[in-house]
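# A closer look at the structure
For reference, the chains in residue letters:
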Amino acid sequence: LVVLRGSLYPTVPDWVLNFSPLPSLSSPHRNLSAFPAAQSEHLQQKMSENGALPLRGKVLTVDTMNANVKKVDYAVRGPIVQRAVQIEKELKEGVKKPFEEVIKANIGDAHAMGQRPITFFRQVIALCTYPQLLDDNKFPEDAKNRARRILQSCGGNSIGAYTTSQGIDCVRHDVASYIQRRDGGIPSDPDNIYLTTGASDGIVTILKLLTAGEGRTRTGVMISIPQYPLYSASIAELGAVQINYYLNEEKCWSLDISELQRSLHAAREHCNPRVLCIINPGNPTGQVQSRQCIEDVIRFAAKENLFLMADEVYQDNVYAEGCEFHSFKKVLFEMGPEYSSKVELASFHSTSKCYMGECGFRGGYMEVINMDPEVKAQLTKLVSVRLCPPAPGQALMDLVVNSPQPGEPSYQTFMKERTAVLSALAEKAKLTEEILNTVPGISCNPVQGAMYSFPRITLPERAINEAKAKGQAPDMFYCMKLLEESGICLVPGSGFGQREGTYHFRMTILPPTDKLKIMLNKLKEFHQKFTQQYS
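Just so it is clear, the model here is predicted, and its values are computed rather than measured.

About the cut-offs
- Residues numbered from 1 in each chain as written.
- Predicted model: local features only at pLDDT ≥ 70, side-chain atom pairs only at ≥ 80, totals over all residues.
- Heavy atoms only, no water.
- Core = buried A, V, L, I, M, F, W, Y, C linked by side-chain atoms within 4.5 Å.
- Buried < 20%, exposed > 50% of the residue type's maximum accessible area, 1.4 Å probe, protein only.
- Helix = DSSP H or I, 4+ residues; strand = E, 2+ residues; numbered from the N terminus.
- Domains from an automatic or database assignment.
- Contact = heavy atoms within 4.5 Å.
- Pairing = 2+ DSSP bridges.
- Axes fitted to C-alpha atoms, helices over the stretch in contact; angles between N-to-C directions.
- 1 Å grid on protein atoms, 1.4 Å probe; cavity = no way out; pocket = protein on both sides within 12 Å on 5 of 7 lines; lining within 4 Å.
- Points joined across faces, edges and corners; volume = space filled by probe spheres on them.
- Nonpolar A, V, L, I, M, F, W, Y, C, P; charged D, E, K, R; others polar.
- Right-handed = clockwise from strand over helix to strand, strands pointing away.
- Disulfide = S-S within 2.5 Å.
- Phe/Tyr/Trp six-rings, centres within 6.5 Å; stacked < 30°, edge-to-face > 60°.
- Lys NZ or Arg CZ within 6 Å of the ring centre and 35° of its normal.
- Arc of directions from axis to C-beta.
- Parallel < 35°, antiparallel > 145°, perpendicular 65-115°, else oblique.

### A word on the nonpolar core
- With 78 residues, the main nonpolar core has F121, V175, I206, M309, Y355 and Y365 as its most contacted residues.
- Element by element, the count of residues in this core is highest for helix α15 (residues 391–401), at seven residues.
- When residues are assigned to domains, this core turns out to be shared by domain 1 (72–102 + 413–534) and domain 2 (119–402), each giving three or more.
- Ignoring any residue separated from it by four or fewer positions in sequence, one finds Y355 in contact with Q115, I118, F121, D316, V400, F414, R418, V421 and L422.
- Residues I103, I457, A467 and Y534 belong to the second largest nonpolar core, which totals 39 residues.

Below is the structure:
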């Protein structure tokens, strides 16, 4: 460098002189790694310009990444929620807001909203995780017996071992027994049961099997609008075609077969419809399908040769008088062999919803009916790639389907806790509907089941125009203002899909009753103020 500063090289550029120290030329590993990153990149660029090195950019950029991933949108954890997290941080740092806390009603996460875990479930999971507790007399014998049985089915008697890819054998048998009891004695084969990482994992896995073709032969997947964004996101990621069918808001979000037919007929112009997805009880709309509706859907699937996917994760969450959960499998088999021997069905359940609310354990199962044996072998291969679902989630799924029975030590406490959770949800479902329907400009259908309401909101034209000027959906604009001014985090209806020209939001009914009342009243005040401001 001293020589370079001399008169022999008076025009040496600064970018060379700025490197200090230079790597030894005698080093067997001569490269640019000794330079600071920014300088190394600069040197590479200069050398490339002189023909010494090819110019190298990032291998993975937004332009070179999987284009399907860029199409994925998941509103439940979208911009509103990200902003809510920032606001929570600001509140902790002492930033003054017109509210003291953020109330997150954007996602069906019961425990995050204050719901207490079911004692029996956590006792058994504790015993499985730390078997030394089996010698502790504080735990009831039925909890210990469940833990021993699960551990004996695990490699090395440890819940930390890999399980078989399809799931722990005794758990799959318990799931099959549960389904058989639930469905009035209709047999269930454990070999048709696949334990999954939450219901979502099973849904995506089945969609992977069904997605095929290019252009007009690409698989089309029929989903309800409004829908749960897992479906639209998965369809986009897999490169399938989303086919929308609209639920009837005027008839409490019911499903009309004529709408299914319209949707299917239009889709056949540009893709190959192969799949019909149903969520019952509904998310985000909270409706519970009638027995007649399920029969009609099964007939439609049989006639049009569609694979049925029944998302039944809210099967215990039914509140409205006159409503009852009917599993698709039960109705299918009660319709006789004309349908039960033909219609291909995958149904899904989870530990995350109902009265359990154990979202973080990621436990679930799917049952496949009438699946081609060769395809089933491919399904087993596909789930083998991820080795196995989380073993604690599988254990928890076992407790859901094999809960304490009359005469066992834990039965009374279990039933008391289960009943309390479901009763509170029923009360909050009614409360939500009643309060929202007192607000001019908000219309809320009865929350028949699940954990959500999906009210329709009337927005002033001025607000709609301002939202569009900002490049936002009008209900996104509304929900963002609600968050900033009231600390209430909801998800705009545009994230779930809705009929053109209508606006909604989805909110959970999970907050504790006193907090839910506060939230609904703050929402009422905000809507009135918003309407006045933009009228």
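Next, the rest of the story.
### Points about the sheet that holds strand β13 (residues 491–492)
- Taken together, the three strands give an open sheet; going across it, the order is β10-β14-β13, and neighbouring strands pair in antiparallel fashion. The sheet terminates laterally at β10 (452–453) and β13, the two strands that pair on one side only.
- When β10 meets strand β14 (residues 505–508), the two strands line up antiparallel, connected through two bridges. Bridge pairing links S453 to M507 in β14.

### Section: the sheet that holds strand β2 (residues 193–197)
- The sheet built from seven strands is open, its strands ordered β2-β8-β7-β6-β5-β3-β4 with mixed pairing. With partners counted over all chains shown, the strands left at the sheet margins are β2 and β4 (241–246), one partner each. Between one strand axis and the next, the sheet turns through 25° on average, direction left out of account.
- Judged from the four bridges that link them, strand β6 (residues 307–311) and strand β7 (residues 345–350) form a sheet pairing that is parallel. From the neighbouring strand, A310 faces β7, where its bridge partner is S347.
- With respect to the sheet, helix α7 (residues 169–182) is in contact with β2, β7 and β8 (363–369), its orientation differing from that of β2 by roughly 110°.

### Topic: empty space enclosed by the protein
- Under the defined criterion, the tally for this structure stands at three cavities of 30 Å³ or more.
- What lines the largest cavity is S224, P226, Y245, L247, L255, I279, G282, N283, T285, Q287 and Q289.
- Considering only residue class, the lining of the largest cavity consists of five nonpolar, six polar and no charged.

### Comments concerning the pairing of β4
- Burial along β4 is one-sided: V241, I243 and Y245 are buried, and none of Q242, N244 and Y246, which face the opposite way, are.
- Pairing of strand β3 (residues 219–225) with β4 involves six bridges; the strand directions are parallel. Along β4, the bridge assignment pairs I223 with N244.
- As a crossover connection, the stretch from β3 through helix α9 (residues 229–238) into β4 is right-handed.

### Concerning the state of the cysteines
- Taken as a whole and judged by the stated rule, the model has zero disulfides.
- Distance from the sulfur of C388, which forms no disulfide, to the nearest cysteine sulfur (C154) is 9.5 Å.

### Here's the deal with the side chain of D183
- Mapped onto the secondary structure, D183 falls in the loop between α7 and β2.
- Setting aside its immediate chain neighbours within four residues, D183 contacts S327, K329 and K330.

### Observations concerning the layout of surface pockets
- If you add up the space inside the second largest pocket, you get close to 420 Å³.
- Y178, R182, Q315, D316 and R418 are the residues nearest the centre of the second largest pocket, which is lined by 21 residues in total.
- Contributing elements (two or more residues each) for the lining of the second largest pocket: α7, α15 and α16 (411–436).
- The greatest single-element share of the lining of the second largest pocket, amounting to four residues, is contributed by α16.
- Here the residues of the lining of the second largest pocket are counted per class, giving nine nonpolar, five polar and seven charged.
- The residues that make up the lining of the second largest pocket include at least three from each of domain 1 (72–102 + 413–534) and domain 2 (119–402).

### Brief notes about α15
- Within α15, ten of the eleven residues are buried, leaving the element largely enclosed by the surrounding structure.
- Here the buried face of α15 lies against α5 (119–129), α6 (141–152), α7, β2, β7 and β8.

### Observations concerning the packing of aromatic side chains
- On inspection of all chains with the given rule, the structure shows 13 aromatic pairs.
- A centroid spacing of 5.7 Å and a plane angle of 70° characterise the contact between W253 and F454, whose relative ring orientation is edge-to-face. One end of the pair, W253, is in the loop between β4 and α10 (257–267); the other, F454, is in the loop between β10 and β11 (456–457), with 201 residues separating them in the sequence. As far as burial versus exposure is concerned, W253 and F454 are alike and both buried.
- Where Y314 meets Y452, the ring centres are 5.8 Å apart and the plane angle is 85°; that geometry is what we call edge-to-face. In this pair, Y314 is assigned in the loop between β6 and α12 (328–334) and Y452 in strand β10, connecting sequence segments 138 residues apart. There is no split in this pair, since Y314 and Y452 are both buried.
- Here the aromatic residues F477, Y478, F505, F526, F530 and Y534 are joined through ring pairs into a cluster of three or more.
- In this structure, K329 packs its charged tip against the face of F333, placed 5.7 Å from the ring centre.
- Over the aromatic face of Y452 sits the side chain of R506, whose NZ or CZ is 4.0 Å from the ring centroid.

### Structural notes on helix α17 (residues 461–469)
- The set of residues buried in α17 consists of A463, I464 and A467. Along the axis of α17, the buried positions cluster into a sector of 100°, meaning they face one direction only. The outward face of α17, more than 90 degrees from its buried face, is lined by the exposed residues E461 and A469.
- Here the buried face of α17 lies against α18 (474–486) and α19 (513–534).
- One or two steps after α17, the chain reaches G471, where phi turns positive at roughly 75°.

### So, the packing of α17 against α19
- The N-to-C vectors of α17 and α19 enclose an angle of 85°; their axes lie 7 Å apart at closest approach. The angle between α17 and α19 falls in the class roughly perpendicular. Where α17 approaches α19, its residues R462, A463 and E466 are matched on the opposing element by F530, Q533 and Y534.
- Of the residues in the contact of α17 with α19, the class split is three nonpolar, one polar and two charged.

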